[in-house]
Amino acid sequence: MNPTEQVVYEFARATTLDGWWIWAAVLLVVVAAFSACVYFYRRDVEELRRPVRWTLIGLRLVAVAAIVFLFFDLVRRTERRVTRPSEVIVLVDTSQSMSLPSGDSIEAPSRVERARELVADSNLVETFAEEHRTSVYVFDQATEPRLVQTRFDQEVSAAEEASSLETESGEPTSPFLLFGGFCLIVFAIASVVSFALGIFRIGSGRGSNKRASVGAAETSASASAIGWALLVAAITMVCGIVSIGGVYAVHTDRTLAELMGMETQATTNDETSTERDEDVSGETEEDTPMKAVDWDQVIVAGGAQSRIGDALRSVLVDHDPTTLAGVIVITDGQNNGGATLTSALALARRGEVPVYPVGMGSSQPPTNIRVVDLEVPRRVYPGDKFVVASVLQATGTSEMEVDVELVDALDSEGASADAGSANGNTTLPGGVVLETQRITLQPDATLTDLRFEIEPQTVGRRRLAVRVVVPAEDRNDTDNMQTARYEVVARKLRVLAIAGGPTREYRFVRNLLYRDESVQLDVWLQTGMQGMSQDADELLNAFPATAEDLFEYDAVVMFDPDWSAIDASSLDLLDRFLTEQAGGLVLVAGPVFHPKISGDRSDGRSNQIGAFFPVNLATRGPLLGGGRQGGSDSWPLEFTPEASQAEFLWVADSPEESFETWQEYGGVYDYVGVKSAKPGAKVYAYFSDPTTEVSGSLPIFLASQFYGAGRVFFQGSGEVWRLRAAGDRYFDSYYTKLIRWVSEGRLLRDSNRGVLLVDSDRAMVGQNITLRAVLVDDQFQPLTEPSVTAKLLAPDGKIKDLKLTPAADSPRGGTYTGNFVATKSGSYEIQLAVGDALDEQLLRQSVQVRLPTSELERPRRADDELENLAAATRGEYVRVDDSVAMQTVKSTLNEAIVPQSQVTLLAGTPDAAFTLRRNAILMWLIASVLTFEWITRRLHRLA
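The name an unreviewed UniProt entry assigns to the protein is VWA domain-containing protein, from the organism Rhodopirellula halodulae.

Undergrad: If you had to explain a negative patch on the surface to someone new, which residues and values would you point to?
TA: A cluster of acidic residues, D384, E453, E455 and E517, forms a negative patch on the protein surface. Tracing the backbone shows E453 in strand β13 (residues 444-454). On the accessibility criterion, E453 (49% relative accessible area) is partly exposed.

Undergrad: Residue-level account of the nonpolar core, with values.
TA: Within the largest apolar cluster, 52 residues are counted, with the highest numbers of intra-cluster contacts made by L649, W662, L702, F713, Y734 and Y735. No other element matches helix α21 (residues 728-742), which puts eight residues into this core. When neighbours within four sequence positions are excluded, L649 is seen to be in contact with F639, A643, S658, F659, W662, Y684, L702 and Y734. If you look at the next biggest cluster of nonpolar residues, it comprises 35 residues, including F551, F612, F613 and I700.

Undergrad: Residue-level account of the sheet that holds strand β32 (residues 788-793), with values.
TA: Read from one edge of the open sheet, eight strands run β29-β31-β34-β33-β32-β35-β36-β30, paired in mixed fashion. Among the strands making up the open sheet, the edge pair consists of β29 (754-758) and β30 (762-764). This sheet shows a mean twist of 30° between the axes of neighbouring strands, independent of strand direction.

Undergrad: Tell me what's going on with the UniProt feature "transmembrane region" (unreviewed entry) in the protein, and back it up with residues and numbers.
TA: The UniProt entry lists residues 20-41, 53-72, 176-200 and 221-250 under the feature "transmembrane region" (unreviewed entry), expressed in the numbering used here. Taken end to end, residues 20-41 comprises 100% helix and 0% strand; its first and last C-alpha atoms sit 31 Å apart. End-to-end, the C-alpha atoms of residues 53-72 are 29 Å apart, and along that stretch the chain is 100% helix and 0% strand.

Undergrad: Which residues make up the pairing of strand β19 (residues 555-559), and what are the values?
TA: Counting buried residues in β19 gives five out of five residues, a clear majority hidden from the surface. Residues A555, V557 and F559 line one face of β19 and the alternating positions V556 and M558 line the opposite face, and both faces are buried. As defined by bridge partners, strand β16 (residues 493-499) adjoins β19 across five bridges and the pair is classed as parallel. Bridge pairing in β19 places L496 opposite V556. As judged from the five bridges shared by β19 and strand β20 (residues 584-588), these two strands associate in the parallel manner. Paired with M558 across the strands is L587, a residue of β20. Of the crossover connections in this fold, the one passing from β19 over helix α17 (residues 568-579) to the parallel β20 is right-handed.

Rules used throughout
Residues numbered from 1 in each chain as written. Predicted model: local features only at pLDDT ≥ 70, side-chain atom pairs only at ≥ 80, totals over all residues. Heavy atoms only, no water. Patch = residues over 30% accessible without salt bridge, like charges linked within 9 Å, V, L, I, M, F, W, Y side chains within 5 Å. Areas by Shrake-Rupley, 256 points an atom, 1.4 Å probe, with all protein chains shown as cover. Salt bridge = Lys/Arg side-chain N within 4 Å of Asp/Glu carboxyl O. Lys, Arg positive; Asp, Glu negative; His and termini not counted. Charge placed at Lys NZ, Arg CZ, Asp CG, Glu CD. Helix = DSSP H or I, 4+ residues; strand = E, 2+ residues; numbered from the N terminus. Buried < 20%, exposed > 50% of the residue type's maximum accessible area, 1.4 Å probe, protein only. Core = buried A, V, L, I, M, F, W, Y, C linked by side-chain atoms within 4.5 Å. Contact = heavy atoms within 4.5 Å. Pairing = 2+ DSSP bridges. Axes fitted to C-alpha atoms, helices over the stretch in contact; angles between N-to-C directions. UniProt positions renumbered as here; feature names shortened; annotations may be inferred. Right-handed = clockwise from strand over helix to strand, strands pointing away.

Here is the structure:
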């Protein structure tokens, strides 16, 4: 039997008898029944010998006792002792602030490395798993923590103990069975003797031909022998039936023949063994232990926020507070996202769950000045002034006044991605200091903005650096400079604008581009008359007829075009313009011609046109295709997280101000109906009217996708001109940046053998960056290699191989994709060599990565918050300083957290097999004693 189970026998009727008077009545009835039996039987058998009287009265009393026993209903239950083990939760902070040094020395290991040391190297989980079910979670910017491992060693020990007991335990022969068998043998002998004497006596009496009373006929010796033989037979019969019947009723898994040794139990044992094997197999499938955890890969600082409150609330809700012995929170205390600690504290106090914060980091960070971020436009024009924006941060004991230099140099191909900051080198080869500013930095880690303005004159690829001339007490010389690439291009951006009609959006964009001296604008107004005037460098009357004509452009902007005026050969040219030439395409939808794209299903060009869009078009015709025309209310755009990284949406001086402007300008009234975003597409904004929601999703308004080597951008209606209500410069900034962004791949081509693109040239630490390369061979045919390998140059100077594999969404081939996760702040460079050794060409792209502002604002360990968290929940705060060993921290926690397991007894249902056998035994006993009584009475000629 399982050690967690216990068999209990109880009288079921007794549990239903409430009140002393009921028990008194039952007792009175039982006593009356026994007394009546004794009284009447004494009168009935008064003339018989004493052994016979005792036998008959005893047999009747046994029958009455069996009926009383049946009335009280003896049942058998199997109680289970369910032990819910004590639990300990370990929460590990993996936000990016945990990548900061853990001590006052800059050479100190990072906070996340110390956390990894505590969890993995000190055997913290293994120690707690001996007494608690221990679960390890990691948390950062997600609303819920992620479970990494659950371990409880006692589960294995209990299973092994149960298996051992089942293996070692045998089924010994019951002594009651032997005693019962002996009694029945004695009963048989005594019965034969008594009946033989009785028959012999009766036979002798009939042969004498004398009619006399029974008492006068028998001799004293024979009468005594018969009486005592009957008494012995009655006693051994009752004892034998009760003994064997009790064993038979208890062992419901065995038949009477097996109990008597007349059959073997091999078959039953085999079946039981099979069932046990199946149970064990089932448990193995359900309770398969978690795989070994690679803590170096799991505990990595990459989250953009630290949501301590959300993580605590989640584990307190998911786990039973009655068995939760404590929650260990390994963090630096920077709760900068999600719910506050107040709600989590209230939940912990309500469940009486102590929290044990383990504080990582230093309460006094070292003196250090760092360049946090650097923003430089990727492409500028000679003579155009542009702004270089940088963010600086200082920590220490007092404010510091430092010089900050702006350094400019040519971008040589052999330079590393972050030549200035790797390995403490703060020089830029060939660099010239363009400007120096002296600023004062506060020591409380406040972020300070710094701006330079330069006017480039030299055409080509260049590199800018912002370098701090740090004081002698600065403890880290690896973060004093950041670099970024930019390119000065001399040629104008060539744009072709196509419009199905002179809409406001088209006219405002046409005027904007025509006034821009860096843009050469050609237009095709499809409804225009011959000879009409347009503000453009050249007026077209049709789509460019040849590849040479179309491939001169860098971007094509289409305002609700009449696709019926563009034949199939022109669509093929547009396809080649995107896939082979890395051109850009902007599709501004409208209510006139857009619904007709999929309206005529017999037009084979519909699929080809629809392929250009980053969204799946509605297929229900122009009337039922969805969308809204002539709306009465305007709705602001609902931006997605992808929008925060899209620089063409930054219409103001900062991203925050930009999105405030988008929300304040009034919004749009209409949109065209589309079904969903295509795989790989990015959605930047939705039409926010909740009444337009279909299947839980709002209509897509802004989206983009890679199409071969080119970019395609979709806009749900031509109403962004309404942004001019907030200021002309916002509208101008949006379209200027958008058109330059979609044509970026073409303008920054490094080779005629291909182009290398990234989905975002600016990212946050922890963000996944997608790469796309469109390559051709030496015959300028799509490359057919199974994979290509690029080099990733990280900010710390390390080089890593990136494998790019063929893209599934490329119909022409030669397109390869890959990705990497930005784990450090600074400048990443991706280099891809194409061609053979004699004609090798290098494709390059760079990504500027920064830490989120919220993770940098408070680099100190939050001792006050963590102490309050521990005190409010009756836990204990453990500080981890440089001198503290992790074994000491583990011992402190192990002593403070007391096991809190809960034991519950679960009463099982009555055993039906036992009840059935119990009733059979009682009926057998009653029938036997009444039969024996009747025979005895007949032998003595009683009524």
